[in-house]
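Spelled out from the first residue to the last, the chains are:
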Amino acid sequence: MTQRKGILLTGDGDLDIVNGHLQIGDTLLQDTSLILGITQGDLKEDPLCGANLLRHIRGKTERTAIERTVKIQLERAGIDYEEVKEQLTIKFNNHEKSN
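From a predicted model like this one, the values you see are computed outputs, not experimental measurements.

Within the protein, residue pLDDT values average 86, and 88% of them lie at 70 or more. Predicted confidence in the protein is weakest over helix α3 (residues 81-98), with a mean pLDDT of 69, and strongest over strand β3 (residues 21-22), with 97.

The following block contains the structure:
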C-alpha cells in the first residue's frame, strides 16, 4: 500500500498532538475518509471534490453508482481506489447488513 505522509488527525478530526508535537504518519485512509465525507463545494481549493455520499443514506442508489462516484473522487485526490477498496468494501458490506 502506498504511503501518504502527513499530519495525523484524531477520530474527531482534531490535530493529533502528543507531548506538544503534531503526529506525522501515513494518511492514506485518513485522506480517503475526508474525501468521502465531504460534499462538493466544501473545499474552496477544489469545489468539485467531494463524494456527496450523504445523499445516498436514505436513497435507493445502486452500488455501482456509489462505487463509480467513490472512484472518481478518490482519483481527483490522487488516491488509488484499488489500494483502499478492501477497507471500503468491508464498511459498505457492514452497512448493508445492518439495514
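Following the structure, the description resumes.
It is worth spelling out the packing of helix α1 (residues 28-37) against helix α2 (residues 63-76) at this point. Where α1 contacts α2, the two axes come as close as 10 Å, and the packing angle between them is 120 degrees. Here α1 is positioned oblique relative to α2, judged by the angle of their axes. Judged by the sense of rotation from one axis to the other, the crossing of α1 with α2 is right-handed. Of the residues in α2, those touching α1 at T32, I35 and L36 are V70, Q73 and L74. Of the residues in the contact of α1 with α2, the class split is 4 nonpolar, 2 polar and no charged.

Parameters at a glance
Residues numbered from 1 in each chain as written. Predicted model: local features only at pLDDT ≥ 70, side-chain atom pairs only at ≥ 80, totals over all residues. Heavy atoms only, no water. pLDDT = per-residue confidence, 0-100. Helix = DSSP H or I, 4+ residues; strand = E, 2+ residues; numbered from the N terminus. Axes fitted to C-alpha atoms, helices over the stretch in contact; angles between N-to-C directions. Parallel < 35°, antiparallel > 145°, perpendicular 65-115°, else oblique. Left-handed = near helix turned anticlockwise from the far one by under 90°. Contact = heavy atoms within 4.5 Å. Nonpolar A, V, L, I, M, F, W, Y, C, P; charged D, E, K, R; others polar.

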